Amino acid sequence: MKLTAKDKAFLDQLRSLLEEKHLHIELEEKGPKRLILRQNYGDHIEARFGMSRQGVRWRFQRLFNDIYVEAYDYAEQVVM
């Protein structure tokens, strides 16, 4: 699956907010491991991303827990 222009813009904003310490990412280890975006509340985050908090959570989930895992599985199949 390819990243879209919206995905790239999202990742750029995410990087700047992580560097500014407005957001952080945690690894959830209960059950299957997955990444969780923390501190994503408030109008500041919605304004920076230009989408609702649910939209931010959905895109993060899609990029880091769906596409990343899919790419890892594909790379593992190619190597074998």
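Structure first, text after, so check above.
Residues numbered from 1 in each chain as written. Predicted model: local features only at pLDDT ≥ 70, side-chain atom pairs only at ≥ 80, totals over all residues. Heavy atoms only, no water.

A short note on the side chain of E28
Along the chain, E28 falls in strand 1 (residues 24–28). Among buried Asp, Glu, Lys and Arg side chains, E28 stands out as unpaired, with R38 the closest opposite charge at 4.2 Å. Non-local contacts of E28, meaning those with residues more than four positions away in its chain, are made with K33, R34, I36 and R38. (Helix = DSSP H or I, 4+ residues; strand = E, 2+ residues; numbered from the N terminus. Buried < 20%, exposed > 50% of the residue type's maximum accessible area, 1.4 Å probe, protein only. Lys, Arg positive; Asp, Glu negative; His and termini not counted. Salt bridge = Lys/Arg side-chain N within 4 Å of Asp/Glu carboxyl O. Contact = heavy atoms within 4.5 Å.)

Description of the pattern of salt bridges
For the structure shown, the criterion picks out six salt bridges. Across the pair R62 and D7 runs a salt bridge whose closest N-O atoms are separated by 2.9 Å. Taken together, the residues span a long stretch of sequence, with R62 in helix 3 (residues 53–79) and D7 in helix 1 (residues 5–19) at a distance of 55 residues. Accessibility expressed as a relative area gives 0% for D7, which makes it buried. Note that K8 and D12 form a salt bridge whose closest N and O atoms lie 3.1 Å from each other. One end of the pair is K8 and the other is D12, both in helix 1 and four residues apart, which spans about a single turn. Residue class for D12 comes out partly exposed when judged on its relative accessible area of 32%. Linked by salt bridges that have partners in common, D7, R59 and R62 make up one network.

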